[in-house]
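# Residue-level structural notes
The lines below spell out each chain.
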Amino acid sequence: ALPISDGRWIVGASADGTAQLWEVVTGKVVPLAGHKGQVPFAAFSPSGELVITTGLDRSVLVWESKSGRLKSRIVGHPGPILMAHFSKDGQRLLTFSSDMSARLWEVSTGQQLLHIQGHRGPIYAAALSPDGTRLATVGWEGTVRQWSIRDGAPMSIFGADGNGLGLSLGGQ
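Residues numbered from 1 in each chain as written. Predicted model: local features only at pLDDT ≥ 70, side-chain atom pairs only at ≥ 80, totals over all residues. Heavy atoms only, no water.

### Concerning the pattern of salt bridges
Inspection of every chain in the model, using the stated rule, returns three salt bridges. Between glutamate 23 and arginine 8 there is a salt bridge, with its nearest N and O atoms 2.5 Å apart. One end of the pair, glutamate 23, is in strand β3 (residues 18-23); the other, arginine 8, is in the loop between β1 (4-5) and β2 (9-13), and 15 residues separate them in sequence. (Salt bridge = Lys/Arg side-chain N within 4 Å of Asp/Glu carboxyl O. Helix = DSSP H or I, 4+ residues; strand = E, 2+ residues; numbered from the N terminus.)

Laid out in structure tokens, this is it:
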């Protein structure tokens, strides 16, 4: 599914190293070009004011959604960034990578707040809890791990069969 913001804009990622914003009513296309290599993921912030794109070039680009202007570049993963998720308030960004780590960033400054490592293979899914106190990661080796955002300490580890696991942290 393509992410949609306020019913007026759709964003899509592409293997050609770009992403595109489409205005639904007019058909206007705003290209988002800045990655060096494939862009596997794009998403709107909860407010719809920002768009993020992740790249196999090991960066996350933060864009203004209305203008398509590049606002900032977040770097720090040594491996390709597969996906990212905004916190509920849009202030933080959770990234995860084939480098077996997940990281939490301050969106406004690009400052890394937390570095999580413990999987024995790439991380292919991650989620933040709605209350912002925990995160969970799923690794290719078949474990689901829950972590404290306060200090990065592991809270629990669960075994899982297969690689097709989805992930959602609920509750307040």
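### Some words on the sheet that holds strand β14 (residues 134-139)
Spatially, four strands are ordered β13-β14-β15-β16 in an open sheet, and the strand pairing comes out antiparallel. Each of the sheet's edge strands pairs with one partner strand only, and the pair in question is β13 (123-128) and β16 (154-159). The average angle at which neighbouring strand axes cross in this sheet is 15 degrees, direction not considered. In this structure, β13 lies alongside β14, joined through five bridges in antiparallel fashion. Looking at β14, one finds that alanine 125 is bridged to valine 138. (Pairing = 2+ DSSP bridges. Axes fitted to C-alpha atoms, helices over the stretch in contact; angles between N-to-C directions.)

### Topic: the layout of surface pockets
Considering only enclosed or pocket space, the largest pocket measures out at about 170 Å³ in volume. Taken together, Ser45, Ser47, Glu49, Leu50, Lys71, Asp89, Gly90, Gln91, Val107 and Ser108 form the lining of the largest pocket. For the lining of the largest pocket, the residue count by class is two nonpolar, five polar and three charged. (1 Å grid on protein atoms, 1.4 Å probe; cavity = no way out; pocket = protein on both sides within 12 Å on 5 of 7 lines; lining within 4 Å. Points joined across faces, edges and corners; volume = space filled by probe spheres on them. Nonpolar A, V, L, I, M, F, W, Y, C, P; charged D, E, K, R; others polar.)

### Examining the sheet that holds strand β6 (residues 50-54)
Taken together, four strands build an open sheet; the order of strands is β5-β6-β7-β8 and the sheet is antiparallel. If you trace the sheet from one side to the other, it starts and ends with β5 (41-44) and β8 (70-75), each paired once. Across the sheet, the mean angle from the axis of one strand to that of its neighbour is 20 degrees, orientation sign disregarded. Note that strand β7 (residues 59-64) and β8 share five bridges and pair antiparallel. Residue valine 62 lies in a different strand from β8, and its bridge partner there is serine 72.

### Observations concerning unusual backbone geometry
With phi around 70 degrees, arginine 58 is a residue other than glycine that occupies positive phi space. Note that arginine 58 resides in the loop between β6 and β7. Judged by its relative accessible area of 41%, arginine 58 is partly exposed. Notably, methionine 100 is not glycine yet its phi reads approximately 75 degrees, a positive angle. Tracing the chain through its elements places methionine 100 in the loop between β10 (92-97) and β11 (101-106). (Buried < 20%, exposed > 50% of the residue type's maximum accessible area, 1.4 Å probe, protein only.)

### Details of the pairing of β14
Most of β14 is tucked away: six of the six residues are buried. Side chains Arg134, Ala136 and Val138 of β14 all project onto a buried face; the interleaved residues Leu135, Thr137 and Gly139 project onto the opposite face, where all are buried too. Here β13 folds back onto β14 in antiparallel fashion, the turn holding five residues, of which glycine 132 has a positive phi close to 75 degrees. In the sheet, β14 pairs with strand β15 (residues 143-148) via five bridges, with the strands oriented antiparallel.

### Here's the deal with the confidence of the model for the protein
A residue-level look at the protein finds 89% of positions with pLDDT of 70 or above and a mean pLDDT of 86. Predicted confidence in the protein is weakest over β1, with a mean pLDDT of 62, and strongest over β6, with 94. (pLDDT = per-residue confidence, 0-100.)

### Some details on the nonpolar core
In this structure, Ile52, Val60, Val62, Ile74, Phe86, Leu93 and Val107 are the most contacted members of the largest nonpolar core, which totals 13 residues. Listing elements by their share of this core, those giving two or more residues are β5, β6, β7 and β9 (81-86). Setting aside residues up to four positions removed in sequence, isoleucine 52 forms contacts with Phe41, Ala42, Ala43, Val60, Leu61, Val62, Ala84, Phe86 and Leu93. Ile116, Ala126, Trp147 and Ile149 belong to the second largest nonpolar core, which has 12 residues in total. (Core = buried A, V, L, I, M, F, W, Y, C linked by side-chain atoms within 4.5 Å. Contact = heavy atoms within 4.5 Å.)

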